[in-house]
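Chain and residue survey
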Amino acid sequence: FVWIYREEGVIDALFLGRTEVTSVEEFQERMEQGRTRGRRIPLWELLFVILCSVFFSRAVNYLLGLTWLPRYFTGYEAVSEEIFGCSLFSFFSASVISAPLLEETLMRGIIYSRLKRSTGDVRVAIAGSALIFGIFHGNVVQGVYAFLLGLLFAWLYEAYDRLFPAIAAHMAANAASIFLEKTGW
């Protein structure tokens, strides 16, 4: 995923006219260097992104609980029991570290970039990548939750032109879910 993501950065730079590559060697060199786009994110802004992600994920979770979806689509309960049934260390490392890194690299770094390039419309790319992210989660309740959070993550990726804010927001949302599930708050 990382190699494809780096390739996407070079292709985006070429497609959007951010750079001129004059030879195949220069193109390969840029591929090896990877992406150097996006602005630096001040710490206070990153903390704000993380805090917003936690609040947004909790709000979406609570709002979904008020709808009829959990009553009619109970398959998410079995998935939740499986996920929350393992040791805290393995669950934390899979949900807070591995999943956000892999999912954001795939969904925003690759799929969103390709949708944006092929459609030429940021809104379509944000909605499309969020929809794929929701479907990727495999059941209706988690799919709706993931779709809404996917909108936020794609917007962050577009706003900062970097993958890290989306990854940090995803990590924060997953960590908040674990914390609330394990503590019962």
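Quick caveat, the model's predicted, so the values are computed rather than measured. (Residues numbered from 1 in each chain as written. Predicted model: local features only at pLDDT ≥ 70, side-chain atom pairs only at ≥ 80, totals over all residues. Heavy atoms only, no water.)

**What about the overall build of the chain?**
In plain terms, the rule: Secondary structure elements are taken from DSSP: a helix is a run of H or I of four residues or more, a strand is a run of E of two residues or more, and numbering for both begins at the N terminus. Accessibility here uses a 1.4 Å probe with only protein chains present; expressed as a share of the type maximum, an area under 20% marks a residue as buried, one over 50% as exposed, and anything in between as partly exposed. A contact between two residues is defined here by any heavy atoms of the two lying within 4.5 Å.
Broken down by element type, the chain carries 9 helices and 0 strands. N-terminal to C-terminal, the α/β element order of the chain is α-α-α-α-α-α-α-α-α. Taken across its 185 residues, the chain has 42% of its residues classed as buried. Taking the contacts inside the chain whose residues are at least 6 apart along the sequence as the reference set, 73% of them involve residues at least 24 apart.

**So, helix H8 (residues 140-160)**
Note the threshold: A helix is expected to span 1.5 Å multiplied by its residue count minus one. Polar contact is defined as a pair of N or O atoms within 3.5 Å, subject to the rule that within protein one atom must be able to donate a hydrogen and the other to accept it, and that residues adjacent in sequence are counted only when both atoms are side-chain atoms.
If you check H8, its first and last C-alpha atoms are 30 Å apart, about what 21 residues at 1.5 Å a residue would give, namely 30 Å. The N-cap of H8, judged by a side-chain oxygen 3.4 Å from the amide nitrogen of Val141 a few residues on, is Asn139. One or two positions beyond H8, positive phi appears at Asp161, with a value near 55 degrees.

**Overview of the nonpolar core**
Formally: Put simply, buried Ala, Val, Leu, Ile, Met, Phe, Trp, Tyr and Cys residues joined by side-chain atoms within 4.5 Å make one nonpolar core.
Tyr112, Phe153 and Leu156 are the most contacted members of the largest nonpolar core, which has 31 residues in total. Counting only elements with at least two residues in this core, the list comes to helix H3 (43-66), helix H6 (88-119), helix H7 (122-136), H8 and helix H9 (164-183). Per-element accounting of this core gives the leading share, 10 residues, to H8.

**Things to note about the packing of aromatic side chains**
We apply this condition: Side-chain rings of Phe, Tyr and Trp, where Trp is taken by its six-membered ring, are said to pair if the distance between their centres is within 6.5 Å; with planes under 30 degrees apart they count as stacked, over 60 as edge-to-face, and otherwise as tilted.
All told, the structure shown has 4 aromatic pairs when counted by the stated rule. Seen in terms of ring centroids, Tyr112 and Tyr157 are 5.5 Å apart; in terms of plane orientation they differ by 85 degrees. Their pairing is edge-to-face. Residue Tyr112 is found in helix H6, and its partner Tyr157 is found in helix H8; the two are separated by 45 residues along the sequence. Taken together, the aromatic side chains of Trp68, Tyr72 and Phe73 make up a single cluster linked through ring pairs.

**Points about the confidence of the model for the chain**
Formally: By definition, pLDDT measures how confident the predictor is in each residue, and it falls between 0 and 100.
With 79% of its residues at a pLDDT of 70 or more, the chain shows a mean pLDDT of 84. Across the chain, the element-wise mean pLDDT spans from 64 in helix H2 (residues 24-33) up to 97 in H7.

**Some words on the packing of H8 against H9**
Applicable threshold: Between N-to-C directions, angles cover 0 to 180 degrees, with each direction set by a line fitted to C-alpha atoms, over the stretch in contact for helices. Throughout this description, any angle smaller than 35 degrees is read as roughly parallel, any larger than 145 degrees as roughly antiparallel, any in the 65 to 115 degree range as roughly perpendicular, and the remainder as oblique. Two helices that cross are described as forming a left-handed crossing if the nearer one is turned anticlockwise from the farther one by less than a right angle, and a right-handed crossing if clockwise.
Contact pair H8 / H9: the axes reach a minimum separation of 8 Å and the direction vectors enclose 150 degrees. Taken together, the axes of H8 and H9 are roughly antiparallel relative to one another. Between H8 and H9 the crossing geometry is right-handed. Together, Tyr145, Leu149, Phe153, Leu156 and Tyr160 of H8 and Pro165, Ala166, Ala169, His170, Ala173 and Ser177 of H9 make up the contact between the two elements.

**Describing the environment of Leu148**
You can see Leu148 is positioned in helix H8. Along the backbone, Leu148 and Gly134 are 14 residues apart, and their C-alpha atoms lie at a distance of 8.0 Å. Ignoring sequence-local partners within four residues, the contact set of Leu148 consists of Phe56 and Val60.

**Some details on unusual backbone geometry**
Located in the positive-phi region is Asp161, a residue other than glycine, with phi close to 55 degrees. Tracing the backbone shows Asp161 in the loop between H8 and H9.

**Observations regarding H9**
Its 20 residues place the ends of H9 28 Å apart at the C-alpha level, agreeing with the 28 Å of an ideal helix rising 1.5 Å per residue. Remark: Gly184 follows H9 within two positions and exhibits a positive phi of approximately 80 degrees.

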